[in-house]
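Here is how the chains run, residue by residue.
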Amino acid sequence: MKPFFVKGGKVRLRKKPWIETAMDEVRDKTLFDNGLETMKGHWQELFPDKSLTLEIGCGKGKFIIGMAELHPEKAFIAVEFQHDIAFYPARKALEKKLNNVRVLLADAQGILEWFEEGEIKELYLNFSDPWPKARHAKRRLTHRRFLEMYRKLLGKGGKLRFKTDNRGLFDFSMEEFAAVGAKVLRYSTDLHNSNIDNEVQTEYEERFSAKGNKICFAEVEF
Ligand SMILES: C[S@@+](CC[C@H](N)C(=O)[O-])C[C@H]1O[C@@H](n2cnc3c(N)ncnc32)[C@H](O)[C@@H]1O
């Protein structure tokens, strides 16, 4: 299997032979890493009158597709850097004829190159990779270096919502929110037994809550 490269020089393995042709089928719903800069400040033109929502690390897209169906008044942009995974939400959006979904096949490290400050109103991080080793802490999507990017992306009043079953990652993230002065508006260490609304479960959420894991949640404003 040949490695391939995306922005930032990161190697992403797992490229499968079928994916090149398959990605062609979903081209209408997919935007690729190269050229995203031209969209900066213009996303609203793609989705007139819709409030812009972003999910980073959407996986196979159960969450983003479910939310797009429930909220036609919003547009959902999903970032996923693995081709053979990004294909699924794009295909679901096509099959369901959803005009409020786009999948960005790209590494989230580039978000400030693709979005104007304040262009996104809501940001979701669902079951982000925990990177449990301390030396990899900087790779966690709730590390302060990412939070400073989200602050710009969301502008004033924008909200970040975060779910995970990984208590270590959750505690780390709460510390990072405090470190950058972000305000935690709501949180729970047992979302499914709380009175916080949880409109759509993600693939990982279904899988891990079925095993008995508690789901942690936080909503944050910068
Ligand atoms: C553990 S999975 C969770 C998938 C989904 N959100 C869920 O809850 O079922 C994390 C996903 O994030 C993607 N991901 C991780 N870091 C990313 C990054 N920097 N940019 C884009 N996608 C990323 C991975 O490829 C993977 O599909």
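Coordinates for the structure precede this section.
Residues numbered from 1 in each chain as written. Predicted model: local features only at pLDDT ≥ 70, side-chain atom pairs only at ≥ 80, totals over all residues. Heavy atoms only, no water.

A few words now on the overall build of the chain. The number of helices and strands found in the chain is 8 helices and 10 strands. Taken over C-alpha atoms, the radius of gyration comes to 17 Å for the chain, in line with the 17 Å a tight globule of 222 residues would show. A principal-axis box enclosing the C-alpha atoms of the chain has dimensions of 40 × 40 × 30 Å. Looking at the 222 residues of the chain, the share that counts as buried comes to 50%. Sequence-distant contacts in the chain: of pairs separated by 6 or more residues, those separated by 24 or more amount to 75%. When the accessible surface of the chain is summed, it comes to about 11,000 Å², and 51% of that surface belongs to carbon and sulfur atoms. The centroid of the 39 positive side-chain charges in the chain is displaced by 4 Å from the centroid of its 34 negative side-chain charges. (Helix = DSSP H or I, 4+ residues; strand = E, 2+ residues; numbered from the N terminus. Rg over C-alpha atoms; globule rule 2.2 N^0.38 Å. Buried < 20%, exposed > 50% of the residue type's maximum accessible area, 1.4 Å probe, protein only. Contact = heavy atoms within 4.5 Å. Areas by Shrake-Rupley, 256 points an atom, 1.4 Å probe, with all protein chains shown as cover. Lys, Arg positive; Asp, Glu negative; His and termini not counted. Charge placed at Lys NZ, Arg CZ, Asp CG, Glu CD.)

Moving on: the pattern of salt bridges. Scanning the entire structure with this criterion turns up 14 salt bridges. Measuring nitrogen to oxygen at the nearest pair gives 2.7 Å for the salt bridge that ties Glu205 to Lys163. Placement of Glu205 in helix α8 (residues 203-210) and of Lys163 in strand β8 (residues 159-164) is noted, with a sequence separation of 42 residues between them. Relative accessible area serves as the criterion here: at 0%, Glu205 is assigned to the buried category. Among the ionic contacts, a cluster of salt bridges with common partners joins Lys74, Glu122, Arg161, Arg186, Asp197 and Glu219. (Salt bridge = Lys/Arg side-chain N within 4 Å of Asp/Glu carboxyl O.)

What follows covers the layout of surface pockets. When its volume is computed, the largest pocket comes out at roughly 920 Å³. Forming the walls of the largest pocket are 38 residues, and the residues nearest its centre are Gly57, Glu80, Phe81, Ser128 and Asp129. Of all elements in the fold, only β2 (10-12), β4 (51-56), β5 (74-80), α6 (144-154) and α8 reach the threshold of two or more residues within the lining of the largest pocket. The leading source of residues in the lining of the largest pocket is α8, at 4 residues. For the lining of the largest pocket, the per-class residue count stands at 15 nonpolar, 9 polar and 14 charged. (1 Å grid on protein atoms, 1.4 Å probe; cavity = no way out; pocket = protein on both sides within 12 Å on 5 of 7 lines; lining within 4 Å. Points joined across faces, edges and corners; volume = space filled by probe spheres on them. Nonpolar A, V, L, I, M, F, W, Y, C, P; charged D, E, K, R; others polar.)

We now examine the site of the ligand. Taken together, 18 residues surround the ligand, and among them Gly57, Glu80, Gln82, Asn126 and Thr202 come closest. For the ligand, an oxygen atom lies 3.0 Å from a polar atom in the backbone of Tyr204. If the ligand stood free it would expose 600 Å²; the protein chains cover 92% of that surface. Among the elements of the structure, β5 and α8 are those that each provide at least two residues to the shell around the ligand. Looking at the shell around the ligand, its residues break down into 8 nonpolar, 5 polar and 5 charged. Formed jointly, the shell around the ligand draws a minimum of three residues from each of two domains, domain 1 (16-120) and domain 2 (137-222). (Near = heavy atom within 4 Å. Polar contact = N/O pair within 3.5 Å; in protein donor to acceptor, adjacent residues only side chain to side chain. Domains from an automatic or database assignment.)

This next bit is on unusual backbone geometry. Phi at Asp49 is positive, roughly 65°, even though this residue is not glycine. Its place among the elements puts Asp49 in the loop between α2 (43-46) and β4.

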